[in-house]
Amino acid sequence: MTHFPYLFAAYAVVWLGLFGYLLRLGRRSRELEEELRDLRRQLGR
Amino acid sequence: MRRVFPAVTCVTMLAALYLIFMVVPTEQQMGIVQRIFYFHVSSAWMAFLGFFLVAGASAVYLWNGSRGADRLAEAAAEVGVLFCSLVLVTGPIWARPIWGVWWTWDPRLTMTVILWAIYASYLMLRAFGGEDEAVQRYAAVLGIIGVLDIPIIMVSVRLLRGMHPAVIARNEGGSGLVDPWMRIALVVSAVALILVGSWLMQLRVRASRLAEEMAALRRETEARQGEVA
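Note that the structure is a prediction, hence the values are computed from the model and not measured. (Residues numbered from 1 in each chain as written. Chains lettered and ligands numbered in written order. Predicted model: local features only at pLDDT ≥ 70, side-chain atom pairs only at ≥ 80, totals over all residues. Heavy atoms only, no water.)

Student: Tell me about the interface of chain A and chain B, and please be specific about residues and values.
Tutor: Many descriptions give the size of an interface as the accessible area lost when the pieces come together. In this complex, chain A contributes 27 residues to the contact, which on the side of chain B involves 39 residues. In this assembly, chain A packs against chain B so that about 3100 Å² is buried in total across both faces, 76% of it on carbon and sulfur atoms. For the interface between chain A and chain B, the tally reads three salt bridges. Run the count over chain A and chain B and you get five residue pairs in polar contact (both at pLDDT 80 or more). Of the residues belonging to the side of chain A that touches chain B, the class tally is 17 nonpolar, four polar and six charged. (Contact = heavy atoms within 4.5 Å. Buried area = accessible area lost by both parts, 1.4 Å probe. Salt bridge = Lys/Arg side-chain N within 4 Å of Asp/Glu carboxyl O. Polar contact = N/O pair within 3.5 Å; in protein donor to acceptor, adjacent residues only side chain to side chain. Nonpolar A, V, L, I, M, F, W, Y, C, P; charged D, E, K, R; others polar.)

Here it is as structure tokens:
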């Protein structure tokens, strides 16, 4: 039981890494989609 | 498919976590800290898979100049580096209570750091090398050469007499997964993390495609503005 903080830390790192990257990708895709929509509007498509 | 894939990934991940924390017995020598292995090893397998994909897609790019292959290679490298980073962080967290040190220059650990550095360099080359086609070809060559490090990592425990334990088979200094539930948990964790990695790659490829589409539209807008002026 004394090693519980190590177990917690390892899984916390995995989840933070995966969720952080997923959020970053999601935000980037949303921004790109919005910019694309604006550009298409400017070009009249 | 875009909705089914994340759902299947989440269910598999929940199953893996249930097995790791509720079903698998506690290992006698290492105690609960051994449960780090399931995600640590699975992350390593996902990283290797990502880097093999980089090599394969890079070879296709060099062969026929396919933009799709190049996009896949870049996405696989980014996801591979993410999982390799998780391996390099969770490993020392396991090592501290078991070996008494955070890090040691064991052959397998050293070769894994080298693998990480190769693909981190690949990403930096892609990020700062510009849109030049020559840079993309250099990166593709690096992506192919880098994968040669993986077989060395795989055999390093036996051939180079490192202290890193062999996970599946029992060997000198290694624990092995003695209980069948341990092996089942490892397989389910590996499937879960491979699904997560594939999902992330899919999203990354989509973001690249959007960025390319936007760059093309920007060029078109600038050309039109130039004509008007």
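Student: Outline the environment of Gln 136 of chain B, listing residues and values.
Tutor: All names here are of chain B. Structurally, the position occupied by Gln 136 is in helix H5 (residues 133-146). On the accessibility criterion, Gln 136 (9% relative accessible area) is buried. Taking the C-alpha atoms as reference points, Gln 136 and Pro 151, separated by 15 residues in sequence, lie 25 Å from one another. (Helix = DSSP H or I, 4+ residues; strand = E, 2+ residues; numbered from the N terminus. Buried < 20%, exposed > 50% of the residue type's maximum accessible area, 1.4 Å probe, protein only.)

Student: Which residues make up the pattern of salt bridges, and what are the values?
Tutor: All names here are of chain B. Applying the stated rule across the entire model yields twelve salt bridges over all chains. Salt-bridge contacts for Arg 67 lead to Glu 212; the nearest nitrogen and oxygen are separated by 2.1 Å. Within this pair, whereas Arg 67 is found in helix H3 (residues 67-99), its partner Glu 212 is found in helix H7 (residues 180-228), the two being separated by 145 residues in sequence. For Arg 67, a relative accessible area of 33% puts it in the partly exposed group. In this structure Glu 212 comes out as partly exposed when scored by relative accessible area, which is 28%. A salt bridge links Glu 78 to Arg 204; its shortest N-O distance comes to 3.0 Å. Here the residue Glu 78 occupies a position in helix H3, and Arg 204 occupies one in helix H7, the gap between them amounting to 126 residues. You can call Arg 204 buried: its relative accessible area is 12%.

Student: Tell me what's going on with the confidence of the model for chain B, and back it up with residues and numbers.
Tutor: Here chain B shows a mean pLDDT of 89. Residues at 70 or above account for 93%. Looking across chain B, the model is least confident in helix H6 (residues 149-159) of chain B, with a mean pLDDT of 84, and most confident in helix H2 (residues 36-64) of chain B, with 96. (pLDDT = per-residue confidence, 0-100.)

Student: Tell me about the environment of Val 81 of chain B, residues and numbers included.
Tutor: Residue and element names in this part refer to chain B. Relative to the helices and strands, Val 81 is located in helix H3. With a relative accessible area of 10%, Val 81 lands in the buried category. As a C-alpha pair, Val 81 and Ile 118 span 37 residues in sequence and 9.5 Å in three-dimensional space. For Val 81, the contacting residues outside a window of four places in its chain are Phe 51, Trp 116, Tyr 119, Ala 120 and Leu 123.

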